[in-house]
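Here's the letter readout for the chains.
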Amino acid sequence: MGGSDGILGRKEGEGMISEARRRKKWLKRRERWLVILGVILHAVYMLSIFDIYFKTPIVHGMDPVKPRFKAPAKRLVLLVADGLRADKFFEPDSEGNYRAPFLRSIIKNKGRWGVSHARPPTESRPGHVAIIAGFYEDPSAVTKGWKANPVEFDSVFNRSRHTFSYGSPDIVPIFCGALEHSTWETYPHEFEDFATDASFLDEWSFDQFQSLLNRSNEDPKLKELLLQDNLVIFLHLLGCDSNGHAHRPFSSIYLNNVKVVDNIAQRVYALLEDYYKDNSTAYIFTADHGMSDKGSHGDGHPSNTDTPLVVWGAGVKYPKPISRDGHSDHDFHFVDEHTHDMPTPVDWGLNGIERVDVNQADIAPLMSTLLGLPCPVNSVGNLPLGYVDMIEAEEVEAVLANTKQILNQFLRKSQIKQSNSLYFKPFKPLSQHFSLLEHIEYLISVRDYQIAMSLTQKLRSLALQGLHYFQTYDWLMLMTVITLGYLGWMVYLILHVLQSYTSLAEKILKMEQATEQKNKIGKVYLFGCLLMGAIFVLLYVEHSPPLYHAYFAMTVFLWTQILSECRFVKALWRHLSGKKFNYAIKLLATCAISIIFLEFLVNSFTERKLYTWCFLIVGIIASLYLFKSIRWRSGIPIFICFACWCLSVFTLMPAEIPDNNELVIAGGVIIVTVGAAARWLDQHSEGNKHWSSICYHETDKSRHSMLFYVQVLLVGLSSIMVSLSTSHRTEKQELHSIHQLINWTLAGFSMVLPLFSENGLLSRLTSIFLGFAPTFLLLSIGYEAVFYGALALVLMAWILFENTILHLTKGKKFSKLEEHTTLENERCLQLSDMRIPLVFMVLFNVAFFGTGNFASIASFEISSVYRFITVFSPFLMAALLIFKLFIPFMLVM
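Residues numbered from 1 in each chain as written. Predicted model: local features only at pLDDT ≥ 70, side-chain atom pairs only at ≥ 80, totals over all residues. Heavy atoms only, no water.

## A closer look at the overall build of the chain
- Along its length, the chain carries 31 helices and eight strands.
- Relative to its 893 residues, the chain shows a buried fraction of 52%.
- Contacts in the chain between residues at least 24 apart in sequence constitute 79% of all its contacts with a sequence separation of at least 6.
- When the accessible area of the chain is evaluated, it comes to approximately 41,300 Å², of which 63% is carbon and sulfur surface. (Helix = DSSP H or I, 4+ residues; strand = E, 2+ residues; numbered from the N terminus. Buried < 20%, exposed > 50% of the residue type's maximum accessible area, 1.4 Å probe, protein only. Contact = heavy atoms within 4.5 Å. Areas by Shrake-Rupley, 256 points an atom, 1.4 Å probe, with all protein chains shown as cover.)

This is the structure:
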């Protein structure tokens, strides 16, 4: 095949059919192994996430630090309103009335308040672990749905004399399931139904606790237990979280649930004060995470990280007039990394009262201090002195106990790392920690509490830095290896493409003798094996995890393969160096455009609107280009422009998809229309050179016509079920079992039908488009259903555009005889072919961002699954959400 645009020149002897077939078989075998290698490589490197970011922070072997002060409280009540965001708790309703009158009266008259700042992932388990155990979740728990304990850890409950706990089956067993000195109970999983008003779950928790106190009047042993000190009472109130997911945080149901938890706090307080009558109970009210406007959580947005904190009772300071700085922690660093020195919102009505913000993990040492217990040994929380009512000497002792506990973790991690390292790099700022501790003890003995407090807080800060140092000790090494591995994979693929689809490899084989070539390759492989062996020995001596060996093995293997092709790389460089200056400019321009596109894709992760401009501009450019090349009567340029402009609208849509059944049903109509248009195009393409090659006409018309009508029928039935399922769930607050069965049947049956479609490109794609449409419609809640049809239009336009370009190119370069031959064989790559992977990558990203998603763990609308399941099931719900994301990806692929 001729043409000067080939990257590495022209292929020779392509007219030889047998040679082309042998080469095709060789390529097929080679690329099959490349696919297997690619899957293994990405699977191994994806696991590196767990070693870099999801490495457990928990270590064992530390002794608890006993506090040297009297316990301010005999018992502590912890009320956690799951999913309650700070602004909805503090702000008034539309009538100017506050939703939590009891807790506001506590803030103004009896206790302290602030905002507790959670750290991503803002999920229920990580939030409760931070509150109760004082550290930020062992990320390896993500593999078990945030439920099981991959590594056992200490908590305030462990240190208590006895813990009473009532609430969700997903939270309470985490802390009490293996705890002998605990009394706990949970409601059945079936109670967590998103179709209902979940505030009854909060009432259930309170009723169980009230029943416990009532039973104690008839049970002397229970009465004796309740009268002991160091007790913890934990009520987990799930209602806000479930109602936030199901109805969103601005709904009347969610906002009413705020009143419910406030009322429960009031009743718990009245119940205990009447029961004990000793003013020795401390109370903490907070939340594990907030709730985004979409009804989801997980990321670091302030609506997810900012939660209310109200503390009162024994050992707690009374309200204090606001200081000059607004609140006492304006210089403190918070884990969610947002600005916190902003004034308290005026509509909260708390401007005159000092606000003490904390990190979520700080609540654990606060609870331990109030009860006079050792802090949990894995805690990284700082004791917030703004809440505890102690004399100066006791404050220093409390902070010192907190500091020693964190320092013990640091020393244990340092010891473990040093014992496993051939070359150990210590954390130098804490090399003199022992002498500093002795000096603090001396200052306490001479009652110089102010300097002792300052040095203790400095030592605590250094200990936390040291913990972070050892938590990230291997980051540089791992990131370097993984980055080199991915770069090696890219280079290896580029070399494969250049060798397989150009004639340069054949020229090199003619220039060098086979024996010399084998000797050079043998030396490279020997060097690679020796290097890999040396690394394995080093990793084994350092007791590195098995996956470390896999990361290094993959990286060394890839770069060994690349070095074995060094002669080809040299020949490639010589070939490019010999090209004319114009070609170099063209090559550099193509690379520059590709880099700009990649930067565009990176920026689109934070700016979805970029895709709107992209499709508006591309629609115009593609249409003008085709207008110059083909007759306007073909309609292809106008169709391409129309399709691009339709798709450009969706990245302007809000990320919070509003529920709109009418749009979903309209999406079904559009999907049927697009499918019918594609079928008409497929049946009337004979004689049209611009799209005839993407159609297939040697088929059984009647059988495939029936398949098309069945698929259209299923799309129609799905649209009807969208309306029926949603209306019944809204009215009856339940998902009808018959509706659920029909929805699962429609989704499952429709996805099998594309397997029986005809072989033509357009007809097969149309069948896949219609086959997955029922599932996508049933998982849609708003405009994303219309997006599905718009995306299909653009994909059809892309196929027509590329097919038109192909025929225009062949028309310029070949006679009819040559044209027939080139359809059977491959051609050299051209620089202009770069547009195809670039367009693919843009469409692949649009398939994600166009449906209201954004680059966040909290991107997903959990309400999308309510036509299939409403009872909380994290893995099944997550699988349905991921499959919904996958459907547009599959259309593009």
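We are not done yet, so read on.
## A few points about helix H30 (residues 835–849)
- Its 15 residues place the ends of H30 21 Å apart at the C-alpha level, agreeing with the 21 Å of an ideal helix rising 1.5 Å per residue.
- Those residues of H30 lying buried are Leu838, Val842, Leu843, Asn845, Val846, Ala847, Phe848 and Phe849. (Expected span 1.5 Å × (residues − 1).)

## Some thoughts on the nonpolar core
- Core analysis: the biggest nonpolar cluster contains 77 residues, and Phe615, Leu647 and Tyr788 have the highest contact counts within it.
- For this core, the element with the most residues is helix H28 (residues 784–813), which contributes 16 residues.
- With near-sequence residues (within four places) excluded, Leu647 lies in contact with Phe615, Phe787, Ala790, Leu791, Val794 and Val846. (Core = buried A, V, L, I, M, F, W, Y, C linked by side-chain atoms within 4.5 Å.)

## What to know about the sheet that holds strand E4 (residues 182–186)
- Taken in spatial order, the eight strands line up as E4-E3-E5-E1-E6-E7-E2-E8 in an open sheet, and their pairing is mixed. In the strand order of this sheet, the two ends are held by E4 and strand E8 (358–359), each with one partner.
- Two strands pair when backbone bridges link them, and strand E2 (residues 111–117) and E8 are joined in this way by two bridges, in the parallel orientation. Residue pairing across strands places Ser116 opposite Val358, the latter belonging to E8. (Pairing = 2+ DSSP bridges.)

## A short note on a nonpolar patch on the surface
- Residues Leu422, Tyr423, Val537, Leu538, Tyr540 and Val541 make up a contiguous nonpolar surface patch of about 700 Å² in total accessible area.
- The residue Leu538 is located in helix H18 (residues 514–541) in this model. (Patch = residues over 30% accessible without salt bridge, like charges linked within 9 Å, V, L, I, M, F, W, Y side chains within 5 Å. Salt bridge = Lys/Arg side-chain N within 4 Å of Asp/Glu carboxyl O.)

## Considering the packing of helix H21 (residues 581–603) against helix H22 (residues 610–629)
- Packing of H21 against H22 brings their axes to within 10 Å, and their N-to-C directions diverge by 140 degrees. Taken together, the axes of H21 and H22 are oblique relative to one another. Across the interface between the two elements, Phe600, Leu601 and Asn603 of H21 pack against Leu610, Tyr611 and Cys614 of H22.
- Class assignment for the residues of the contact of H21 with H22 results in five nonpolar, one polar and no charged. (Axes fitted to C-alpha atoms, helices over the stretch in contact; angles between N-to-C directions. Parallel < 35°, antiparallel > 145°, perpendicular 65-115°, else oblique. Nonpolar A, V, L, I, M, F, W, Y, C, P; charged D, E, K, R; others polar.)

## Considering the pattern of salt bridges
- Inspection of every chain in the model, using the stated rule, returns 17 salt bridges.
- Between Asp229 and Arg161 there is a salt bridge; the shortest N-O distance is 2.8 Å. Placement of Asp229 in the loop between helix H8 (220–226) and strand E5 (231–237) and of Arg161 in the loop between helix H5 (156–159) and strand E3 (162–167) is noted, with a sequence separation of 68 residues between them.
- Measuring nitrogen to oxygen at the nearest pair gives 3.7 Å for the salt bridge that ties Asp274 to Lys277. Neither residue differs from the other here; Asp274 and Lys277 are each classed as exposed.

## A word on a positive patch on the surface
- Where like charges cluster on the molecular surface, the positive patch consists of Arg21, Lys24, Lys25, Lys28, Arg29 and Arg32.
- Its location among the elements puts Arg21 in helix H1 (residues 17–52).
- What makes Arg21 exposed here is its relative accessible area of 59%. (Lys, Arg positive; Asp, Glu negative; His and termini not counted. Charge placed at Lys NZ, Arg CZ, Asp CG, Glu CD.)

## A word on the pairing of E3
- Counting buried positions over the six residues of E3 gives six, a clear majority of the element.
- Side chains His162, Phe164 and Tyr166 of E3 all project onto a buried face; the interleaved residues Thr163, Ser165 and Gly167 project onto the opposite face, where all are buried too.
- Relative to E5, E3 runs parallel, the two being bridged by five bridges. Across the sheet, Phe164 pairs through a bridge with Ile233, a residue of E5.

## Description of empty space enclosed by the protein
- In the structure shown here, the tally under the stated rule is five cavities of 30 Å³ or more.
- There is about 120 Å³ of room inside the largest cavity.
- Contributing to the lining of the largest cavity are eleven residues, with Arg679, Phe708, Glu758, Ser763 and Ser767 lying nearest its centre.
- Of all the secondary-structure elements, those providing two or more residues to the lining of the largest cavity are helix H24 (661–683), helix H25 (701–732) and helix H27 (761–778).
- Of the residues forming the lining of the largest cavity, the biggest block, four residues, is contributed by H25.
- Partitioning the lining of the largest cavity into residue classes produces two nonpolar, six polar and three charged. (1 Å grid on protein atoms, 1.4 Å probe; cavity = no way out; pocket = protein on both sides within 12 Å on 5 of 7 lines; lining within 4 Å. Points joined across faces, edges and corners; volume = space filled by probe spheres on them.)

## Observations regarding the packing of helix H16 (residues 475–500) against helix H19 (residues 546–563)
- Between H16 and H19, the least distance of the axes is 9 Å, while the angle of their chain directions is 35 degrees. For the crossing formed where H16 meets H19, the hand is left-handed. Residues Met477, Leu478, Val481, Ile482, Leu484, Gly485, Leu487, Gly488, Trp489, Val491, Tyr492 and Leu495 of H16 lie in contact with H19, whose contacting residues are Tyr548, Tyr551, Phe552, Thr555, Leu558, Trp559, Gln561 and Ile562. (Left-handed = near helix turned anticlockwise from the far one by under 90°.)

## Re the pairing of E5
- Along E5, seven of the seven residues are buried, which leaves the element largely enclosed by surrounding structure.
- Sheet topology places strand E1 (residues 75–81) next to E5; seven bridges connect them, and they run parallel. Among the inter-strand pairings, Leu79 is bridged to a residue of E5, identified as Leu235.

## Some words on the side chain of Glu192
- Looking at the element boundaries, Glu192 is found in the loop between E4 and helix H7 (199–216).
- Setting aside residues up to four positions removed in sequence, Glu192 forms contacts with Ser168, Pro169, Asp170, Tyr187, Leu238, Thr870, Val871 and Phe872.

## Thoughts on the packing of aromatic side chains
- Under the criterion given, the structure shown has 42 aromatic pairs.
- Taking 6.0 Å as the distance between ring centres and 20 degrees as the angle between the ring planes, the aromatic pair formed by Phe470 and Tyr473 counts as stacked.
- According to the relative accessible area criterion, Phe470 is buried, its value standing at 5%.
- Looking at Tyr473, the relative accessible area reads 17%, which means it is buried.
- One aromatic cluster in this structure is built from Phe410, Phe424, Phe427, Tyr469, Phe470 and Tyr473.
- Positioned over the ring face of Tyr276 is Arg75, at 3.5 Å from the centre of the ring. (Phe/Tyr/Trp six-rings, centres within 6.5 Å; stacked < 30°, edge-to-face > 60°. Lys NZ or Arg CZ within 6 Å of the ring centre and 35° of its normal.)

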